[in-house]
Amino acid sequence: MRYLFVHQNFPGQFLHLLRHLGQEPGNEIVFISEPNDNQVPGVRRVAYRLPRGGVDGVHPGAREFDLALMRAECVARAAASLRDLGYRPDIVIGHHGWGELLNLGDVFPGVPVLGYFEFFYHAEALDVGFDPEFPSPESLRPIIRAKNAVNLQALALGGHGHTPTRFQWMTYPDWAWQRIALLPEGVDLAACSPDPSAFQQPLPVAGTVIAPHDRLVTYVARDLEPYRGFHVFMRALPRILAARPDVRVVLVGGDGVSYGAKQPQGAWRARMLAELAGRIDPDRVHFAGRVDYETFRALLRRSDAHVYLTYPFVASWSLREAMAMGCAIVGSDTMPVREFLTDRRTGRLVPFLDPDGIAEGVLEVLEDTRLSTRLRRAVRRQAERTLDMADYMARYRDLIDRVAGRGARK
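Values in this document were obtained by computation on a predicted structure and should not be read as measured data.

Quick notes on the rules
- Residues numbered from 1 in each chain as written.
- Predicted model: local features only at pLDDT ≥ 70, side-chain atom pairs only at ≥ 80, totals over all residues.
- Heavy atoms only, no water.
- Buried < 20%, exposed > 50% of the residue type's maximum accessible area, 1.4 Å probe, protein only.
- Helix = DSSP H or I, 4+ residues; strand = E, 2+ residues; numbered from the N terminus.
- Pairing = 2+ DSSP bridges.
- Right-handed = clockwise from strand over helix to strand, strands pointing away.
- Axes fitted to C-alpha atoms, helices over the stretch in contact; angles between N-to-C directions.
- Parallel < 35°, antiparallel > 145°, perpendicular 65-115°, else oblique.
- Contact = heavy atoms within 4.5 Å.
- Nonpolar A, V, L, I, M, F, W, Y, C, P; charged D, E, K, R; others polar.
- Left-handed = near helix turned anticlockwise from the far one by under 90°.

Q: Before we go on, may I ask you to explain the pairing of strand 4 (residues 91-95) in this structure?
A: Remark: a regular strand shows side chains that alternate across the two faces of the sheet. Strand 4 sits mainly inside the fold: five of its five residues count as buried. Alternating positions in strand 4 separate into two faces, Ile-91, Ile-93 and His-95 on one and Val-92 and Gly-94 on the other, with burial throughout. Sheet topology places strand 1 (residues 2-6) next to strand 4; four bridges connect them, and they run parallel. Counterpart to Tyr-3 in the pairing with strand 4 is Ile-91.

Here's what the structure looks like:
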């Protein structure tokens, strides 16, 4: 088959699928994206560049859509160049969120499009308004609703879509559900596997060394920010550190903002350290920044309690990987996490907005070794049942074949 993939940040959500398809003889894979240095064997890259310019005069609610339309235009030009060279894909696969797929039906009429639907924004009841510390002004509601402009355009085009969790699927209007397939994502269970020997050797990380006798609490997010509960986790640390002198804490994540509003100035890490000055021992709390994948896996395999918190929003890939590595997970009792973990069976669920409740959950996992061992074994078994990469690829290929009109695979 001939595949055309599109995502502004190659390879996006499609790394495992690209590797899988690249191993099959006869497949031709082209990927349109903005330039970067990433590479996947067997994938031909075609770059597009956004025109530089401001958004002066554009309504704040229309800025994302304006950018999406520019992306759609750039991608369509790149696709037209491929078409003029004789390339016509059997299917287009991409992410609907960036607007890049909107014009491809004009370039390749009749070619089916399979798009990733990530999240349908709501002005209340999900991520917006969830945290009372950050109230949402009424004036923001039209701008939030406008964030769905690309979603609605994509749905109106009548293509095919998929999303990885029931929570994400249910954020979309009920009239759209039949157009969006539920396709749970998988994990490489061999690469993300438990390693009991990790607890028996020192772990150098973030300029320090975690000794075998230390109790390690880990926290991972793309960026240290409220959407992933960084602020409430930091407020839980004084109690955790006071109760357990043997605890060391390693936080992984950058100082940017991936989700939600930016601070007027500075980073959330500086703000929380200032708030908690004198209550957190800097020799026991370590900020690793963004780390490579090997360091990430080493940390989670060594973790005595791994904390994963999120607003009612898209669940991180790191949650799935933590499950596969058999972490004793202390997770927020929010809708996305409840889809993966059950309290006291496969994890310890705690109230997102309650630092004391988070601290209690962490301390319980650290102090109750029978509970911790049971959670580790159960969550790994859960990952083996529900997150197997081979099963995920098989379901993905069946969906692709159905969309491309090739029938189910045997």
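Q: For this particular structure, what's the right way to read the pairing of strand 13 (residues 305-308)?
A: Neither face of strand 13 is left uncovered, since the one carrying Ala-305 and Val-307 and the one carrying His-306 and Tyr-308 both have all their residues buried. Note that strand 10 (residues 215-223) and strand 13 share three bridges and pair parallel. The residue bridging Tyr-219 from the neighbouring strand is Val-307, located in strand 13. Of the pairings in the sheet, the one linking strand 13 to strand 14 (residues 329-332) comprises three bridges and is parallel in character. For His-306, the partnering residue across the bridge sits in strand 14 and is Ile-329. Remark: the strand 13/helix 10 (residues 317-324)/strand 14 crossover connection has right-handed handedness.

Q: What's the story with the packing of helix 1 (residues 15-22) against helix 14 (residues 389-403) in this structure? I'm lost.
A: The description of two packed helices rests on the angle between their axes and on the distance between the axes. Between helix 1 and helix 14, the shortest axis-to-axis distance is 11 Å and the interhelical angle comes to 75 degrees. By the angle class used here, helix 1 and helix 14 are roughly perpendicular. Where helix 1 approaches helix 14, its residues His-16, Leu-17, His-20 and Leu-21 are matched on the opposing element by Met-389, Met-393, Tyr-396, Arg-397 and Ile-400. Here the contact of helix 1 with helix 14 is composed, by residue class, of six nonpolar, two polar and one charged.

Q: Help me understand the packing of helix 7 (residues 230-243) against helix 12 (residues 355-367) in this model?
A: Interaxial distance between helix 7 and helix 12 falls to 8 Å at its minimum, and their mutual angle equals 50 degrees. In terms of orientation, helix 7 and helix 12 fall into the oblique class. For the crossing formed where helix 7 meets helix 12, the hand is right-handed. Listed contacts from helix 12 to Val-232, Phe-233, Arg-235, Ala-236, Arg-239, Ile-240 and Ala-243 of helix 7 are Pro-355, Asp-356, Ile-358, Ala-359, Glu-360, Val-362 and Leu-363. Each residue belonging to the contact of helix 7 with helix 12 can be placed in one class, and the counts come to 10 nonpolar, no polar and four charged.

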